Amino acid sequence: MSTASRIADRAAEIPAVEREDVSLLLVLPGLFLFAAFMFFPMLYLIGISFTNARPANLFGGGSFLTFGEAAFVGLRNYVAVLTDATFWNSVGVTWLFVVTSLVGKVVLGLSIALVVTNDRVRGARFLRSLLIVPMGLPAIFTITVWRGIFSSARFGLANQLLAWLGAGTVAWLNERWAAFFAYNVTEMWLAYPFMVIITVSALQDVPDELHEAAMVDGASYLSRFFHVTLPSVKRPVLFASILTAAASFQQFLIPYVFNEGGPARLNELIIVYGYREAFQFSQYGQGAAIMLIAIAFIGAFMWLNVKKGKLADGVDEA
């Protein structure tokens, strides 16, 4: 009898209750690591949000697990945040950024996907390989390059393009909506490969018979797109849109590298706002409260979209 057979026979002789106990012991290390890396930081962040934690009192004495010498202040941090006009400006700018960048990413991704899946386009496979190049570049490198493109100086690539078109130069990073536009363009560049990959996969699953039947009925290209293609790829594109919208809500590098959410904090996205309160103004308690509010926004946004988009239909039926 082979070793594997003897092990299988021995396992069969172990009572079911003992097997459950052994299996629980086997997964305990994984559960411990998961809790250490996920639950503990979250619980610690929640705890800090109810204290007046600052660098001087959080690390100045006492136990790290008990927030040092930071004092419990109840809901004072949340009241301070929710009554701060800068916070509500950051919330409004963040949601505006999510909406505008999402529309741009979906339109751009869908347009490129339609091109590279068209039978009339030669070298479509080569084009698809080129489209994912931005995903392989470090985000900080790409954002720095785009910051140079949108330089307010005359030699900036965007301003050179405007000069070639006969328009004047723009102080991209010193004007609120010009900087906001630059954020959107950069975000679209970073995220469009993901949208293209999801959309291309969905388009390849659309049966050719549907398009052929529509063509027989005399449907135009636009009619086939809106009545055949779009309904067929709606759910995958919606799923990708929810994920990339959540990523846009958490965007930090683009506004911070470009102009730190300026000018005058007018374009300060909520993560940048929380970072500045915590690390530039040393208000750890308020920074923690801001981040928890941001998490609540993201969670509500994703739950609502998954629920309304019916993306979880059929999961419980398996």
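Residues numbered from 1 in each chain as written. Predicted model: local features only at pLDDT ≥ 70, side-chain atom pairs only at ≥ 80, totals over all residues. Heavy atoms only, no water.

Asker: Would you explain helix H10 (residues 176-204) in this entry?
Answerer: Because each turn of an α-helix spans 3.6 residues, side chains separated by three or four positions in sequence point in the same direction. The terminal C-alpha atoms of H10, which comprises 29 residues, lie 41 Å apart, in line with the 42 Å expected from a rise of 1.5 Å per residue. Residue alanine 191 marks the point of greatest curvature in H10, where the axis turns by about 45 degrees; the proline proline 193 follows within four residues. (Helix = DSSP H or I, 4+ residues; strand = E, 2+ residues; numbered from the N terminus. Expected span 1.5 Å × (residues − 1). Bend = angle between axes of the 7 residues up to and from the residue.)

Asker: What's the story with the side chain of threonine 94 in this structure? I'm lost.
Answerer: Relative to the helices and strands, threonine 94 is located in helix H5 (residues 85-116). The class of threonine 94 is buried, set by a relative accessible area of 0%. Sequence-distant contacts of threonine 94, that is, excluding residues within four places in its chain, are made with Phe249, Leu269 and Ile270. (Buried < 20%, exposed > 50% of the residue type's maximum accessible area, 1.4 Å probe, protein only. Contact = heavy atoms within 4.5 Å.)

Asker: Which parts of the structure should I look at to understand the nonpolar core?
Answerer: Looking at soluble globular proteins, one finds that nonpolar side chains tend to be buried together. Ranked by size, the top nonpolar core spans 18 residues in total, and within it Val81, Phe87, Phe249 and Ile270 carry the most contacts. Looking at this core, the elements with two or more residues in it are helix H4 (76-82), H5, helix H12 (221-249), helix H14 (270-280) and helix H15 (284-308). The dominant element in this core, judged by the number of residues it contributes, is H15, at seven residues. In contact with valine 81, other than residues within four places in its own chain, are Phe87, Gln286, Ala289, Ile290 and Ile293. Grouped together as the second largest cluster of nonpolar side chains are 17 residues, Val93, Ala178, Ile254 and Leu269 included. (Core = buried A, V, L, I, M, F, W, Y, C linked by side-chain atoms within 4.5 Å.)

Asker: Would you mind showing me how to read the layout of surface pockets here?
Answerer: For the second largest pocket, the calculated volume is near 220 Å³. Lining the second largest pocket are 14 residues, with Leu45, Ala278, Phe279, Tyr284 and Ala288 positioned closest to its centre. Elements with a minimum of two residues in the lining of the second largest pocket: helix H2 (16-48), H14 and H15. When grouped by side-chain class, the residues that make up the lining of the second largest pocket number twelve nonpolar, two polar and no charged. (1 Å grid on protein atoms, 1.4 Å probe; cavity = no way out; pocket = protein on both sides within 12 Å on 5 of 7 lines; lining within 4 Å. Points joined across faces, edges and corners; volume = space filled by probe spheres on them. Nonpolar A, V, L, I, M, F, W, Y, C, P; charged D, E, K, R; others polar.)

Asker: Before we go on, may I ask you to explain the packing of aromatic side chains in this structure?
Answerer: Scanning the entire structure with this criterion turns up 23 aromatic pairs. With a centroid separation of 5.6 Å and 50 degrees between ring planes, the pair formed by tryptophan 95 and phenylalanine 301 is classed as tilted. One end of the pair, tryptophan 95, is in helix H5; the other, phenylalanine 301, is in helix H15, with 206 residues separating them in the sequence. Here phenylalanine 301 falls in the buried class, since its relative accessible area comes to 19%. Each ring, one from phenylalanine 150 and one from phenylalanine 181, has its centre 6.5 Å from the other, and the planes form 90 degrees; the classification is edge-to-face. Taken together, the residues span a long stretch of sequence, with phenylalanine 150 in the loop between helix H8 (139-149) and helix H9 (157-164) and phenylalanine 181 in helix H10 at a distance of 31 residues. (Phe/Tyr/Trp six-rings, centres within 6.5 Å; stacked < 30°, edge-to-face > 60°.)

Asker: Got a minute to help me understand the pattern of salt bridges in this structure?
Answerer: When charged atoms on two side chains of opposite charge get close, those side chains can pair. All told, the structure shown has five salt bridges when counted by the stated rule. For arginine 265, the salt bridge identified is with glutamate 268, shortest N-O distance 3.0 Å. The class for arginine 265 is partly exposed, based on a relative accessible area of 23%. Residue classification places glutamate 268 among the buried positions, given a relative accessible area of 0%. Here glutamate 277 and arginine 265 are joined by a salt bridge, their closest N and O atoms 3.4 Å apart. In this pair, glutamate 277 is assigned in helix H14 and arginine 265 in the loop between helix H13 (253-259) and H14, connecting sequence segments twelve residues apart. Where salt bridges share partners, they join Glu260, Arg265, Glu268, Arg276 and Glu277 into one cluster. (Salt bridge = Lys/Arg side-chain N within 4 Å of Asp/Glu carboxyl O.)

Asker: Mind showing me how you'd approach the packing of H8 against H10 here?
Answerer: To describe two helices that pack against each other, one gives the angle between their axes and the distance between the axes. As a packed pair, H8 and H10 sit with axes 10 Å apart at the nearest point and diverge in direction by 145 degrees. Considering how the two elements wind past one another, H8 and H10 form a crossing that is right-handed. On H10, the residues touching Thr142, Ile143 and Trp146 of H8 are Val185, Thr186, Trp189 and Leu190. The residue makeup of the contact of H8 with H10, split by class, is five nonpolar, two polar and no charged. (Axes fitted to C-alpha atoms, helices over the stretch in contact; angles between N-to-C directions. Left-handed = near helix turned anticlockwise from the far one by under 90°.)

Asker: Looking at this model, I keep getting lost on a negative patch on the surface. Mind explaining?
Answerer: A grouping of Asp119, Asp208, Glu209 and Glu212 is seen on the molecular surface, where their side chains present a negatively charged patch. Tracing the backbone through its elements, the reader meets glutamate 209 in helix H11 (residues 208-216). (Patch = residues over 30% accessible without salt bridge, like charges linked within 9 Å, V, L, I, M, F, W, Y side chains within 5 Å. Areas by Shrake-Rupley, 256 points an atom, 1.4 Å probe, with all protein chains shown as cover. Lys, Arg positive; Asp, Glu negative; His and termini not counted. Charge placed at Lys NZ, Arg CZ, Asp CG, Glu CD.)

Asker: What is the right way to look at the confidence of the model for the chain in this model?
Answerer: As a note on interpretation, predicted positions should not be read in detail where pLDDT is low. Considering every residue of the chain, the mean pLDDT works out to 82; 87% of them sit at 70 or more. Low pLDDT, under 50, characterises residues 314-318; the predicted model gives this stretch zero contacts beyond four residues in sequence or across chains. (pLDDT = per-residue confidence, 0-100.)

Asker: Help me out: how do you make sense of unusual backbone geometry in this one?
Answerer: A cis amide bond, omega 5 degrees, links glycine 262 with the succeeding residue proline 263. One non-glycine residue with positive phi stands out, namely serine 282, at about 60 degrees. Structurally, the position occupied by serine 282 is in the loop between H14 and H15.

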